[in-house]
Amino acid sequence: MRFYVPVLVGFISVAQAHAAPVAIGDSLAPFSLKDYQGKDVDLKSYQGSKALVLMFIATQCPVSNAYNERMAALAKDYQPKGVAIVGINSNRQESTAEIATHASQHGLTFPILKDVDNVKADQFGAQVTPEIYVYDAGWKLRYHGRIDDNQRGDNIQSQDLRNALDAVLAGKEVPVKETKAFGCTIKRVQK
Amino acid sequence: MIALVLAGVLAGELDAPRLWRALDAYRGRPVVVSFWATWCKPCVEEFPVLMALARERKDLAVVSVSIDEKEDRGALEAFVREKGPPFPVYAKAPGDDEAFINGVDPAWSGVVPATLIVGPDGKRLALIQGEHSREEIERAIAGGKR
């Protein structure tokens, strides 16, 4: 995520990001988290994929939930093309049991990892759900932002995530590397 | 001209440039601009805090901007009617969300709730992204006075 340096004297940004957020072009440092079944998932196991999509998602956020079907469709369309898709739940109040039920109810078949104490959300600088990070085969960040430009899904003008993945798979420059959308807060623990 | 607050009635629709023009009316005192949505639980929980702030701090202004989509306007109007806040509640005009977010503040991730503190000079003073307390809002206002 780009860090916006305040340009006005006296400007204070009180965002709940902490460490320097990741930026386009940054390398992904592999990490391991438990999924909602308690199984360790090491991102190293996805090395060799043509792309890796990390999605900060939620069970209770209406915006994230508006994208459930689109996330399931994305996995169905892109996993066969060699794209690894991994969800991350960093919300303090959403349990692994709740994540499991939610995934089952909404057909989210990709792994969803529990980010206890929002450690990874802090490292990435992730702020909202849903928030997406796309890495290429060399694990360089190529896209960060929204899934598309229409929360309701009835008038999508820009398929930002699909466009990014298509570009990465084709070995081309991602046309729009960073986008924003309205979303829910990642409910962090007090540190 | 400062928006006439008709209790329980939306003050109108705004895109980012129109919001900044509307905020010009409050020059001379800090403005707490709250961005929220009816579907956002922490935003709804924060609403009474903003109402109390507006009632008790006459040295500042509170302006509320809902980012609810046009299709949810009925829920927004019902909410505002029920609460009758002592500050204007605008609705984000239909259109590009990203342009609105960046037009309000390039540092805003798009998360709601978000609170922008505008100084008496009409410039951005602080941006609070996510849930926050009244104390945090007041600290941000005071911090900007340094």
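**Some points on the overall build of chain A**
Now for step 1: Summing up its helical and strand segments, chain A has 5 helices and 10 strands in all.
Now for step 2: Its C-alpha radius of gyration of 16 Å places chain A within 12% of the 16 Å reference for a compact globule of 191 residues.
Now for step 3: Taking the principal axes of the C-alpha coordinates as reference, chain A spans close to 50 × 40 × 35 Å.
Now for step 4: Counting over 191 residues, chain A shows a buried share of 45%.
Now for step 5: The contacts in chain A between residues at least 6 apart in sequence include a share of 72% that link residues at least 24 apart.

**Digging into the nonpolar core**
The tendency in soluble globular proteins is for nonpolar side chains to be buried side by side.
Now for step 1: Formed by 87 residues in total, the largest nonpolar core has its most connected members in V53 and V134 of chain A together with V112 of chain B.
Now for step 2: A total of 6 residues in this core trace back to one element, the largest contributor, which is strand β4 (residues 51-56) of chain A.
Now for step 3: For V112 of chain B, the contacting residues outside a window of four places in its chain are F182 of chain A together with F35, W36, A37, C40, C43 and I67 of chain B.

**Looking at unusual backbone geometry**
Now for step 1: Cis peptide bonds are those with omega within 30 degrees of zero, and the linkage from T129 of chain A to P130 of chain A qualifies with -5°.
Now for step 2: Here P130 of chain A lies in the loop between β7 (128-129) and β8 (131-136).
Now for step 3: A cis amide bond links V112 of chain B to the next residue, P113 of chain B, at an omega of 0°.
Now for step 4: One can find P113 of chain B in the loop between β5 (111-112) and β6 (114-118).
Now for step 5: For W139 of chain A, which is not glycine, the phi dihedral falls at a positive 60°.
Now for step 6: Along the polypeptide, W139 of chain A turns up in the loop between β8 and β9 (141-145).
Now for step 7: With 18 C-beta atoms counted inside 10 Å, the residue W139 of chain A sits in the partly exposed group.

**Description of the pairing of β4 of chain A**
Residue and element names in this part refer to chain A.
Now for step 1: Among the 6 residues in β4, 6 count as buried, and that is most of the element.
Now for step 2: Neither face of β4 is left uncovered, since the one carrying A51, V53 and M55 and the one carrying L52, L54 and F56 both have all their residues buried.
Now for step 3: Strand direction decides the pairing type here: β4 and strand β5 (residues 83-89), joined by 6 bridges, are parallel. Within β5, the position partnered with L52 by the bridge is A84.
Now for step 4: Two elements, β4 and β8, share 6 bridges in a ladder whose sense is antiparallel. Note that in β8 the partner of L54 across the bridge is Y133.

**A look at the sheet that holds strand β6 (residues 112-114) of chain A**
All names here are of chain A.
Now for step 1: Across the sheet, 5 strands lie side by side as β6-β5-β4-β8-β9; this open sheet has mixed pairing. The open sheet has two edge strands with one neighbour each: β6 and β9. Pairwise comparison of adjacent strand axes, ignoring direction, gives a mean angle of 20° for this sheet.
Now for step 2: Along the sheet, helix α5 (residues 160-169) contacts β4, β5, β8 and β9; its crossing angle with β8, the most-contacted strand, is approximately 5°.

**Quick look at the sheet that holds strand β10 (residues 183-185) of chain A**
Hydrogen bonds along the backbone pair up the strands of a sheet, which may run parallel or antiparallel.
Now for step 1: Taken together, 3 strands build an open sheet; the order of strands is β7(A)-β10(A)-β5(B) and the sheet is mixed. The strands lining the two open edges of the sheet, one partner per strand, are β7 of chain A together with β5 of chain B.
Now for step 2: The sheet contact formed by β7 of chain A and β10 of chain A spans 2 bridges and is antiparallel. Each residue of the ladder has a partner; that of V128 of chain A, found in β10 of chain A, is T185 of chain A.

**Let's talk about the environment of L54 of chain A**
All names here are of chain A.
Now for step 1: Looking at the element boundaries, L54 is found in strand β4.
Now for step 2: Placed 78 residues apart in sequence, L54 and I132 show a C-alpha to C-alpha distance of 5.8 Å.
Now for step 3: Ignoring anything within four residues of it in the chain, the contact list for L54 reads V86, I88 and Y133.

**Considerations on the environment of F31 of chain A**
Residue and element names in this part refer to chain A.
Now for step 1: By the secondary structure assignment, F31 is in the loop between β1 (12-13) and β2 (32-34).
Now for step 2: On the basis of neighbour counts, which here come to 14 C-beta atoms within 10 Å, the residue F31 falls in the partly exposed class.
Now for step 3: Sequence separation between F31 and L141 is 110 residues; the distance between their C-alpha atoms is 15 Å.
Now for step 4: Among residues more than four places away in sequence, those in contact with F31 are L43 and K120.

**Things to note about the pairing of strand β3 (residues 61-66) of chain B**
All names here are of chain B.
Now for step 1: Within β3, 6 of the 6 residues are buried, leaving the element largely enclosed by the surrounding structure.
Now for step 2: Side chains of β3 alternate between two faces, with A61, V63 and V65 and V62, S64 and S66 buried alike.
Now for step 3: Summarising the sheet, strand β2 (residues 31-36) and β3 pair through 6 bridges and their orientation is parallel. Within the sheet, the bridge partner assigned to V32 lies in β3 and is V62.
Now for step 4: Pairing geometry for β3 and strand β4 (residues 89-92), over 3 bridges, is parallel.

**Details of the confidence of the model for chain A**
Predicted coordinates in areas of low pLDDT are best not read in detail.
Now for step 1: In the predicted model, chain A carries a mean pLDDT of 91, and 90% of its residues have values of at least 70.
Now for step 2: Considering only residues more than four positions removed or in separate chains, one finds that residues 1-18 of chain A, a stretch of pLDDT under 50, has 42 contacts.

Definitions and limits used
- Residues numbered from 1 in each chain as written.
- Chains lettered and ligands numbered in written order.
- Predicted model: local features only at pLDDT ≥ 70, side-chain atom pairs only at ≥ 80, totals over all residues.
- Helix = DSSP H or I, 4+ residues; strand = E, 2+ residues; numbered from the N terminus.
- Rg over C-alpha atoms; globule rule 2.2 N^0.38 Å.
- Buried ≥ 20, exposed ≤ 12 C-beta atoms within 10 Å, placed from the backbone.
- Contact = placed C-beta atoms within 7 Å.
- Core = buried A, V, L, I, M, F, W, Y, C linked by C-beta atoms within 7 Å.
- Pairing = 2+ DSSP bridges.
- Axes fitted to C-alpha atoms, helices over the stretch in contact; angles between N-to-C directions.
- pLDDT = per-residue confidence, 0-100.

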